[in-house]
Structures are given as structure tokens and as C-alpha cells.
Amino acid sequence: ALATEKRTARVYDRPVWCVALRSWPSASTPDAEGTLLKTIRSAAEMQGATLKFLAMQPARDRALIEKLGVARAEIMETENLHPRGIMRLAGQSTLLIAMRLHALIFAAAQGVPCVAISYDPKGKSLAQLIGAPVIENVSESELAKLQAATASARPRSTLQIEEMKTKARRNAQLAAGL
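One structure accompanies this document, and this report is about it. (Residues numbered from 1 in each chain as written. Predicted model: local features only at pLDDT ≥ 70, side-chain atom pairs only at ≥ 80, totals over all residues. Heavy atoms only, no water.)

### Considering the packing of helix α5 (residues 101–110) against helix α6 (residues 121–129)
And step 1. Axis separation between α5 and α6 bottoms out at 9 Å; the angle between their running directions is 15°. By the angle between their directions, the pair α5 and α6 is classed as roughly parallel. Of the two elements, α5 crosses α6, and the hand of that crossing is left-handed. Contacts from L101, L104 and I105 in α5 reach K122, G123, L126 and A127 in α6.
And step 2. The class makeup of the residues in the contact of α5 with α6 is five nonpolar, one polar and one charged. (Axes fitted to C-alpha atoms, helices over the stretch in contact; angles between N-to-C directions. Helix = DSSP H or I, 4+ residues; strand = E, 2+ residues; numbered from the N terminus. Parallel < 35°, antiparallel > 145°, perpendicular 65-115°, else oblique. Left-handed = near helix turned anticlockwise from the far one by under 90°. Contact = heavy atoms within 4.5 Å. Nonpolar A, V, L, I, M, F, W, Y, C, P; charged D, E, K, R; others polar.)

Listed below in C-alpha cells is the structure:
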């Protein structure tokens, strides 16, 4: 975690929150999307953080981010990047707010604290496994918890990450053996 903080300090002059949004089933109204973005911006302002938006699936996610009115300067360029490059971008942040499972995976792998906004059981399960706060949905009552969740998010220790990788490799070997 300390190495991440030092690396980030050289890249940015203030905390940077990486936000990986995606469309979700109940996002049928612009109001729902606007409320989510407004809540994230408010939490970032209260903690003196700059927002950077990460399009994990550039074609889909970038369209949503632009539809929300996010400024181009706030959008990280991910077009034609290998997943390792996207993971490196995520690793430069001090916090990652994620609606995408792979964004949570990248945050955990890079030792970046994260907050999950759940729309899918897989994301929620991973968030719980890595000890990340979970916002259960994008309702007003759940989004009201975002400020506290971002303030309490902590990175997993290197030892915990290595234990998870070892278990994952063991499970893959068992599956291959079947």
C-alpha cells in the first residue's frame, strides 16, 4: 500500500479517485445516472480528490461517461490499451470506485483501496472477499453511504493478495484436473 501511495504522489499532486462506471439495469432515467455522478463528485470534493473516469470497456463505458457530461480531461484514455495498461492506470489512483468486476480485480491486484457499487452478485462477492465497502445499489439511501465508504476504504495487504492468488491457482489446477 505504501508503494502505491508513493507512486501516486509522484503522478498527481492530490488524491485521485478512479471511477469505473457501467450502465446498469435500473439506470433507465437520466436522473438515476445524474444522482450517481453528483454523489461521487460531492464525496470527492469533501475529501479533496480529483476524479478520473476509467472506461473498462471503452466502446460501452465511454458512451455512458460522455452522456453523463464528464469533461474529456477527466476521462482516462483506454482505447486500444491492453488490460495490463488499464490496470496500470487504475494503479495510479488513490481510490477506485467500481461498478465493474474487473475494475475491482485491478484495484485489488494493484493494492488500491476500492468501493464497489453493486449491480451484480459477482462484484459484491469479490468486494466482500477483498474487504471493500459495498454500496448495494444506486438508490438515494445507499448512495448516501458513499462518503463514509470512500473514507473507510483500505487496500488489502500484499500478504492477503498473495494468499488469494495462491488459492486461485490451486482452484484452477483442481478444475483442470477434473
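### Notes on the packing of helix α4 (residues 83–91) against α5
And step 1. Packing of α4 against α5 brings their axes to within 9 Å, and their N-to-C directions diverge by 65°. Judged by the inter-axis angle, α4 sits roughly perpendicular to α5. In terms of crossing hand, the pair formed by α4 and α5 is right-handed. Together, P83, I86, M87, A90 and G91 of α4 and F106, A109 and Q110 of α5 make up the contact between the two elements.
And step 2. Here the residues of the contact of α4 with α5 are counted per class, giving six nonpolar, two polar and no charged.

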